[in-house]
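Tertiary structure, described
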Amino acid sequence: MAQRVGWLRRQLPGIVALALVATLFQVSRLPTATAAELESMASRYAFTPMSIAMPGGYPQQTIRKVNKDYKNIDAWISSVGAGVAMNDLDGDGLANDLCITDPRIDQVVVTPVPGASAGRYAPFALNPGALPMGVAMAPMGCLPGDFNEDGRMDVLVYLWGRTPIVYLARAAEESATTGTTDLTAASFQATELVPGGRGPDYTGPLWNSNSAAADDFDGDGHLDIYIGNYFPHGPVLDDTKSTGVAMNHSMSNAFNGGEDYFFRWTEATAGAQPTATFEMVADVLPRNVSKGWVLASGANDLDGDQLPELYLAHDFGPDRLLYNQSTPGRIKFSPVKAVRKPLVPKSKRIGADSFKGMGVDFGDLDGDGLYDMYVSNITTSFGLEESHFAFMSTAKDVDDLRAQLGNGKAPYVDRSAPLGLAWSGWGWDVKLADFNNSGSLAVAQTTGFVKGEVNRWPQLQELAMANDLALDNPHWWPHVVAGDDVGGSQRMHFFVKGEDGRYVNLAGELGLDIPVPTRGIATGDADGDGLLDFAVARQWDAPVYYQNDSESSGAFLGLRLTHPAAPAGATDEAEKPAADAATATTGAATGSPVVGAQVTVTTEDGRKLLGRVDGGSGHSGKRSHEVHIGLGENVTGTVQVHLRWRDRAGEVHEQDLRLTPGWHSLELGALALER
């Protein structure tokens, strides 16, 4: 007997380890569903794919020219740049315009969504005009926003090889025959975000920007801009150079990427020659945050003080959640971390992970009235098996959340595995949205890296295990060139919550799982029917638009929240008539979105549903500025709506309304007034 007891004691660590492995396998394995269950869940959704009209006449390419030091990994360097944004660019009151960055032509294209909205204007590429450009530059994404506050939608384009360009919408007289303003390249005036005297040749800093977000970061009532740079500043796309570039100095703890910057709004003017001036603020973030390899960013007020927090998804190192402690005129963030707990790996903690962050979005996944965060990483079996993050809030309420953030703690835990959201592929952009008005958020996610014929996963695995001392020199990297493949046949995912609370991927049943690398996702209600449509940017392939033909599972609340009309930069009520007159003559100003405004809907059965005016969260996909909230099946009458926003003077306002389901347009000044 004593021998048996001794043997059991000696074997106890192994027994416990096996039991733990078995338990974790059961908890974390991908959810399964019967064919009947999948068919039933998929029957609630329907999407019709449509081709997007693009302008012709531009030279086509299938891979980028890169710095000579990157020659043997040119396919790797060419793996980003496809982006899409959905918004109302022509002022017709609908989010039925697309802004697309297309690596095949290295142009930023504005085009109407296909279907009933097609043909309103011809697709065109934005024209930088007199601004210096060169062949060693390429657009990476476009971010719509009203940057000069005239009520017309502008577009910020961020690039590799130069600083960003702001395309300001010009005021123009209506067409005498149609009564509308036709949208063309001449409708936008290109201006530098970073000022400086430059001649015909670009002499500014060689930024390599991969992320941008806009919000009122300092709480002064005006839209500010965050620009995240990926590669260190240098000639990444200059194939005549063989110096000045580097790679990450670690696969899990790299802090030698490009510097990040904030731009604080200072002044602007409207008219046929609009202007917008921003002060560049370069010292907001600590160096080990600013020098991360950022691929995505997301801004959102998490703790209810109308100052947006900022999440930075970093490749090759820890993501960062930044708590906003700004005051008007001074942008200030403090990094926060999840508290270390037993059995929670370092890479599952906010602020300490070592995964490859490439996408982020916010949404209340568990219905507790607090925002959660979903983050894309690399999750490929027999490739690199990390996991995505579903960071769920554990705070009691917003007051508790604010107190913990103020103490440097991030009260979030990753529950991606038990939710069935941990694995899909080499993840990129992600959008949390209610696509059938069921009251439950779906998770749309893009995946895939480099498409070719020769499998390079083994070499990538070797790289992941290499000594960090060799990584920053691109000559030590395994070849990834034209014809090589790393996750090139991975497919878009569309996760929907089942009755057991776990998510199931329905992309195959819905016809969304095309084996092509995808990048950005943009959402918006293009036709005003209350169902969110979406567009997907594909790397080295044509973008695609998905018209939402689902049978609505319930009612919805749609809100277009805008500032009262005022001259650019003006807050004086006496100046309003001049702006109203300008709007009347152009017919193109629909109002400046109140980016950062928060919406909480409380239903009769006690559910709390959250929405916000998003300023551009994600990788390279930007949703429209409207707030869309699915209400579910049992909502027929009015719903309780709580609004919280900042006005142009930076004052915070709150108001409770009762609104009927459907679309509403509200002006948010000192009070919320329906237009």
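Residues numbered from 1 in each chain as written. Predicted model: local features only at pLDDT ≥ 70, side-chain atom pairs only at ≥ 80, totals over all residues. Heavy atoms only, no water.

The name recorded for the chain in an unreviewed UniProt entry is RNA-binding protein, from Phytohabitans flavus.

Secondary structure summary: the chain contains eight helices and 39 strands in total. Computed over its C-alpha atoms, the radius of gyration of the chain comes to 24 Å, within 12% of the 26 Å expected for a compact globule of 675 residues. Projected onto its principal axes, the C-alpha coordinates of the chain cover approximately 95 × 65 × 50 Å. Burial status across the chain gives 59% buried among its 675 residues. Restricting to contacts in the chain with at least 6 residues of sequence separation, those with at least 24 account for 66%. (Helix = DSSP H or I, 4+ residues; strand = E, 2+ residues; numbered from the N terminus. Rg over C-alpha atoms; globule rule 2.2 N^0.38 Å. Buried < 20%, exposed > 50% of the residue type's maximum accessible area, 1.4 Å probe, protein only. Contact = heavy atoms within 4.5 Å.)

Moving on, we get to helix H7 (residues 457–464). Buried residues of H7: Trp457, Leu460 and Leu463, and no others. Considered in projection along H7, the buried side chains sweep an arc of 115° and stay on one side of the axis. Those residues of H7 that are buried are in contact with helix H3 (74–77), strand E24 (454–455) and strand E25 (484–485). (Arc of directions from axis to C-beta.)

Overall, antiparallel pairing links the four strands, which are arranged E6-E7-E8-E9 in an open sheet. Strand pairing shows two members of the sheet lacking a second neighbour, strand E6 (138–145) and strand E9 (188–192), which therefore form its edges. Put simply, the sheet's adjacent strands are angled 25° from each other on average, direction ignored. Here three bridges tie strand E7 (residues 154–160) to strand E8 (residues 165–169), and the two strands are oriented antiparallel to one another. By the bridge assignment, Leu156 is partnered in E8 with Val166. (Pairing = 2+ DSSP bridges. Axes fitted to C-alpha atoms, helices over the stretch in contact; angles between N-to-C directions.)

What follows concerns the pairing of E8. Within E8, five of the five residues are buried, which leaves the element mostly enclosed by the surrounding structure. Residues Ile165, Tyr167 and Ala169 of E8 are buried on one face, and the alternating residues Val166 and Leu168, pointing to the opposite face, are buried as well. Adjacent in sequence and paired antiparallel, E7 and E8 are bridged by four residues, among which Gly161 carries a positive phi angle near 100°. When E8 meets E9, the two strands line up antiparallel, connected through five bridges. Considered in E9, the bridge of Ile165 is made with Glu192.

The subject of this paragraph is the UniProt feature "domain: ASPIC/UnbV" (unreviewed entry) in the chain. When the UniProt feature table is mapped onto this chain, "domain: ASPIC/UnbV" (unreviewed entry) is found at residues 595–650. Each end of residues 595–650 is marked by a C-alpha atom, and these two atoms are 12 Å apart; helix forms 0% of the span and strand 46%. (UniProt positions renumbered as here; feature names shortened; annotations may be inferred.)

Attention shifts here to the pattern of salt bridges. Following the criterion strictly, the structure yields 26 salt bridges and no others. Glu149 serves as the salt-bridge partner of Arg648, at 3.4 Å between the closest nitrogen and oxygen. Of this pair, Arg648 sits in the loop between strand E36 (639–646) and strand E37 (652–659) while Glu149 sits in the loop between E6 and E7; the two residues are 499 residues apart in sequence, bridging distant segments of the chain. Salt-bridge contacts for Asp361 lead to Arg612; the nearest nitrogen and oxygen are separated by 3.3 Å. Of this pair, Asp361 sits in strand E18 (residues 359–363) while Arg612 sits in strand E33 (residues 608–612); the two residues are 251 residues apart in sequence, bridging distant segments of the chain. One salt-bridge network, in which partners are shared between bridges, spans Asp90, Asp92, Asp97 and Arg120. (Salt bridge = Lys/Arg side-chain N within 4 Å of Asp/Glu carboxyl O.)

We now examine unusual backbone geometry. Unlike most non-glycine residues, Glu149 shows phi in positive territory, near 60°. A residue is classified by how much of its surface remains accessible, and Glu149, at 5% relative accessible area, is buried. Positive phi outside glycine occurs at Phe316, with the angle close to 60°. Mapping Phe316 onto the fold places it in the loop between strand E15 (309–315) and strand E16 (320–324).

Tracing the backbone through its elements, the reader meets Thr379 in the loop between strand E19 (372–376) and strand E20 (389–393). Ignoring any residue separated from it by four or fewer positions in sequence, one finds Thr379 in contact with Leu384, Glu385, Glu386, Ser387, His388, Ala422, Trp423, Ser424, Gly425 and Trp426.

Let's shift gears to the state of the cysteines. Under the criterion given, the structure shown has one disulfide. Two residues share a disulfide in this structure: Cys99 and Cys142, whose sulfurs sit 2.5 Å from each other. Of the two residues, Cys99 sits in strand E3 (residues 97–102) while Cys142 sits in strand E6, which places them 43 residues apart along the sequence. In this pair, the class of Cys99 matches that of Cys142, namely buried. (Disulfide = S-S within 2.5 Å.)

It is worth spelling out the side chain of Glu259 at this point. For Glu259, the location among the structural elements is in the loop between strand E11 (224–229) and strand E12 (261–269). Side-chain polar atoms of Glu259 contact the side chain of Ser290, separated by 3.1 Å. Those residues within four positions of Glu259 in sequence are excluded, and the remaining contacts are Asn229, His233, Arg287, Ser290 and Lys291. (Polar contact = N/O pair within 3.5 Å; in protein donor to acceptor, adjacent residues only side chain to side chain.)

Moving on, we get to helix H2 (residues 35–42). Those residues of H2 that fall on the buried side of the exposure criterion are Leu38, Met41 and Ala42. An end-on view of H2 places all buried positions within 95° of arc, on one side of the element. Those residues of H2 that are exposed and angled more than 90 degrees off the buried face are Ala36 and Glu39. Tucked into the core, H2 has its buried residues touching strand E26 (493–497) and strand E27 (503–505).

The next point concerns the packing of aromatic side chains. Taken as a whole and judged by the stated rule, the model has 31 aromatic pairs. Centre to centre, the rings of Phe124 and Phe188 are 6.5 Å apart; their planes meet at 35°, and the pair counts as tilted. Of the two residues, Phe124 sits in strand E5 (residues 124–125) while Phe188 sits in strand E9, which places them 64 residues apart along the sequence. Taken individually, Phe124 and Phe188 each receive the classification buried, so the pair is uniform in this respect. (Phe/Tyr/Trp six-rings, centres within 6.5 Å; stacked < 30°, edge-to-face > 60°.)

A word on the domain arrangement of the chain. By domain assignment, the chain separates into domain 1 (40–172 + 181–555) and domain 2 (556–566 + 585–674). On a C-alpha basis, the centres of domain 1 and domain 2 stand 23 Å from each other. Each partner contributes to the interface: domain 1 provides 81 residues, whereas domain 2 provides 51 residues. In this assembly, domain 1 packs against domain 2 so that about 4,600 Å² is buried in total across both faces, 46% of it on carbon and sulfur atoms. Per-residue buried area on domain 1 facing domain 2 is highest for Gln306, Tyr371 and Ala555; these three make up 15% of the total on that side. At the junction of domain 1 with domain 2, the criterion picks out four salt bridges. Measuring nitrogen to oxygen at the nearest pair gives 2.9 Å for the salt bridge that ties Arg644 to Asp301. Across the contact surface, domain 1 and domain 2 share 41 residue pairs in polar contact (both at pLDDT 80 or more). (Domains from an automatic or database assignment. Buried area = accessible area lost by both parts, 1.4 Å probe.)

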